[in-house]
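# Observations on the model geometry
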Amino acid sequence: MKNDKTHIAWVDLLRVLACFLVVLAHCCDPFVARFDTNRFEFLSGAFWGSLVRPCVPLFVMMTGVLLLPIQTDMSTFYNKRIKRIVIPLIFWSVLSPILYYLYLNSGVVTLSPNIVAEDHTLSATITRIYSFIFNFSYATIPLWYLYMLVGLYLFMPIISGWLSQASQKDVKRFLMIWGVSMCLPYIQMGAPLLGYVGNYGNTGILGVCDWNPYGTFYYFSGFMGYIVLAYYLLKYPLQWSWKKTLSVAAPLFAIGYAITLGGFIVTQKFFPGSYAALEIVWYFSGINVFMMTYAAFIVLSKVRLNPSPFMNRLASLTFGIYLCHFFIVQLGYDLMYKHLPLPAYLLIPVIALFAFTVSAGIVWAMSQNKFLKKFVF
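Residues numbered from 1 in each chain as written. Predicted model: local features only at pLDDT ≥ 70, side-chain atom pairs only at ≥ 80, totals over all residues. Heavy atoms only, no water.

### Here we look at the overall build of the protein chain
Put simply, the rule reads: Where helices and strands are cited, they refer to DSSP runs of H or I of at least four residues and of E of at least two residues respectively, numbered from the N terminus. Only C-alpha atoms enter the radius of gyration, while the globule expectation follows 2.2 Å times N to the 0.38, with N the number of residues. A 1.4 Å probe rolled over the protein chains alone gives each residue an accessible area, and that area as a share of the maximum for its type sets the label: buried under 20%, exposed over 50%, partly exposed in between. Contacts are residue-level and defined by heavy atoms, with any inter-residue pair within 4.5 Å sufficient. Here the Shrake-Rupley method, with its probe set to 1.4 Å, supplies the accessible areas, and only the displayed protein chains count as covering residues.
Along its length, the protein chain carries 17 helices and 0 strands. Relative to the 2.2 N^0.38 estimate, which gives 21 Å for 377 residues, the radius of gyration of the protein chain is 21 Å and therefore close to what a compact globule would have. Per-residue burial for the protein chain yields a buried fraction of 49% across its 377 residues. For the protein chain, contacts bridging at least 24 residues in sequence account for 81% of all contacts bridging at least 6. Carbon and sulfur atoms provide 67% of the accessible area of the protein chain, an area that totals close to 18300 Å².

### A few points about the layout of surface pockets
Selection criterion: The definitions used throughout rest on a 1 Å grid laid over the protein atoms alone, on which a cavity is an enclosed set of points accommodating a 1.4 Å probe that cannot get out and a pocket is an open set flanked by protein within 12 Å on both sides along at least five of seven lines; lining residues are those having an atom within 4 Å of a point. Grid points are joined across faces, edges and corners, and a volume is the space filled by probe spheres set on the points.
Size it by volume and the largest pocket reaches roughly 1400 Å³. Of all the elements in the fold, those that place two or more residues in the lining of the largest pocket are α1 (5–32), α3 (55–67), α5 (113–116), α7 (144–165), α9 (184–190) and α12 (275–281). Considering each element in turn, the lining of the largest pocket owes the most residues, 5 residues, to α1. Taken as a whole, the second largest pocket encloses approximately 630 Å³ of empty space. Along the walls of the second largest pocket sit 23 residues, with Arg15, Met62, Leu66, Arg81 and Arg84 positioned nearest its centre. Elements represented by at least two residues in the lining of the second largest pocket include exactly α1, α3, α4 (74–104), α7, α14 (309–316) and α15 (318–336).

### Structural notes on the nonpolar core
Stated precisely, the cut-off is as follows: Residue types Ala, Val, Leu, Ile, Met, Phe, Trp, Tyr and Cys, when buried and joined through side-chain atoms within 4.5 Å, form a set referred to as a nonpolar core.
Membership of the largest hydrophobic core comes to 113 residues, with the highest contact counts inside it found for Val56, Val60, Tyr145, Met156, Phe223 and Phe297. When residues in this core are grouped by element, the largest group, 15 residues, is from α1. Non-local contacts of phenylalanine 223, meaning those with residues more than four positions away in its chain, are made with Val56, Val60, Trp144, Met148, Leu152 and Phe284.

### A closer look at the packing of α7 against helix α10 (residues 224–235)
The condition that has to hold: Every angle, taken between N-to-C directions, lies between 0 and 180 degrees, and every axis is a line fitted to C-alpha atoms, over only the stretch in contact when it is a helix. Comment on the angle field: the value is read as roughly parallel under 35 degrees, roughly antiparallel over 145, roughly perpendicular from 65 to 115, and oblique elsewhere. In this scheme the handedness of a crossing depends on how the near helix is turned from the far one: anticlockwise by less than a right angle means left-handed, clockwise means right-handed.
Orientation of α7 relative to α10, taken along the N-to-C sense of each, is 40°, at an axis distance of 11 Å. By the angle between their directions, the pair α7 and α10 is classed as oblique. Here the hand of the crossing between α7 and α10 comes out right-handed. Between α7, through Leu152, Phe155, Met156, Ile159, Leu163 and Ser164, and α10, the contact on the second element is made entirely by Met224, Ile227, Val228, Tyr231 and Lys235.

### Details of the environment of valine 289
Within the secondary structure, valine 289 sits in helix α13 (residues 287–300). Overall, valine 289 belongs to the buried group, its relative accessible area being 0%. Separated by 33 residues in the primary sequence, valine 289 and glycine 256 have C-alpha atoms spaced 6.2 Å apart. Those residues within four positions of valine 289 in sequence are excluded, and the remaining contacts are Arg53, Pro54, Pro57, Tyr226, Thr260, Val281, Trp282, Tyr283 and Phe284.

### What about the pattern of salt bridges?
Formally: For this analysis, a salt bridge means a side-chain nitrogen from Lys or Arg found within 4 Å of a carboxyl oxygen belonging to Asp or Glu.
All chains considered together, the criterion is met by 3 salt bridges. Among the salt bridges present, the one from arginine 39 reaches aspartate 36, with a minimum N-O distance of 2.8 Å. Ionic pairing is found between aspartate 170 and arginine 173, a salt bridge with its closest N-O pair at 3.0 Å. Taken together, the positions of aspartate 170 and arginine 173, both in helix α8 (residues 168–181) and 3 residues apart, correspond to about one turn of that helix. According to the relative accessible area criterion, aspartate 170 is partly exposed, its value standing at 31%.

### Examining α13
As a reminder of what qualifies: A helix's residues, less one, multiplied by 1.5 Å, set its expected span.
Its 14 residues place the ends of α13 20 Å apart at the C-alpha level, agreeing with the 20 Å of an ideal helix rising 1.5 Å per residue. For α13, the buried fraction is high: 12 of the 14 residues fall into the buried class. Looking at α13, one finds that the buried residues are Asn288, Val289, Phe290, Met291, Met292, Thr293, Tyr294, Ala295, Ala296, Phe297, Ile298 and Leu300.

### So, the packing of aromatic side chains
Heads up, the condition is: Stacked, edge-to-face and tilted labels apply to pairs of Phe, Tyr and Trp rings (six-membered ring for Trp) whose centres lie within 6.5 Å, assigned for plane angles under 30 degrees, over 60, and everything in between, in that order.
Counted according to the given criterion, the structure contains 38 aromatic pairs. Taking 5.6 Å as the distance between ring centres and 80° as the angle between the ring planes, the aromatic pair formed by phenylalanine 20 and phenylalanine 356 counts as edge-to-face. On the criterion of sequence distance, the pair formed by phenylalanine 20 in helix α1 and phenylalanine 356 in helix α16 (residues 344–367) is long-range, its members being 336 residues apart. By relative accessible area, which is 9% here, phenylalanine 356 ends up buried. Judged by centre distance (4.9 Å) and plane angle (80°), the rings of tryptophan 178 and tyrosine 226 are edge-to-face. Here the residue tryptophan 178 occupies a position in helix α8, and tyrosine 226 occupies one in helix α10, the gap between them amounting to 48 residues. Residue classification places tyrosine 226 among the buried positions, given a relative accessible area of 0%.

### What about the side chain of threonine 260?
With respect to the secondary-structure elements, threonine 260 resides in helix α11 (residues 242–270). If we skip the residues at most four places from it in the chain, threonine 260 touches Ser50, Arg53, Val281, Trp282, Asn288, Val289 and Met292.

### Observations concerning α11
Its 29 residues place the ends of α11 41 Å apart at the C-alpha level, agreeing with the 42 Å of an ideal helix rising 1.5 Å per residue. Residues of α11 that are buried include every one of Thr245, Ala249, Gly256, Tyr257, Thr260, Leu261, Gly263, Phe264, Thr267 and Gln268, and no others.

Structure (structure tokens):
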């Protein structure tokens, strides 16, 4: 893997873009949540929300670019990487519910349909503070990524050892099997049309049932595939011209986006008000989102930029921006929804720019303090 300045420059661009897309994705939530109560706003949220689905996969691929192959032993890797995740996870899991409690009890009326249905009493807030050891809550939704990232870190030294001796064909075989796993959610959705009724009410496929969540492709599924894909594309780069790259990436992204947006709208029609059904079309490890992610990555990795101190500094803030932006998105929505006369499709990116900028300022300020810095870096 190259580690020259041009390589670092495009990775900085990747980090900043992926982070902004995450912020933009969360700005779509209150608009999507309106469903048929405001069809225009729902469609606006679906338009942007579908467009930015590569955000998290690009973040994960960046991890593969920066960390593989791992050059240290497992103990050293775990101590360095997981500690950097666990400390911010604890800090923001405690702080975020407190911020929401104070905000929602400050007399400011929230407009977001996502949050008004939640219980934000003092007792519920206290429960959320200590129950983060089990999982995230509404106030800490973005932190789901940290739980997942710890899992990736635990397995990365193992997959790195295999990658270091695997042939190109072996890695391609892994990626092909992973590709099959990305189609399974849609196969499961379509199976009832062929008369499949599941096992004792469980509609899982390929061995998944009430007493076994680990189906045939379980061990080849999920975000690890993106890490392996990033490693593969860096070790065996595509020797394509810009013309060929764009001729492949543009239609691939367009088709993936059409499936994502169209599938989201159709799913909402047949499963009205069901977030669980809608999320299937928006799965980060779904084949349609993969198409968009792959297209975006091969274009971004081909970009050659001059090193920029500003971009490098902004890229260094992205982890912290990710950690703190969700509350700022809520604040931006409440400030702008009724007070900024813009249609939803324009209001969403405006809120995202506000949330990203304010979050970057907060993280930069925290980075100036030695104690607070460890919670955002």
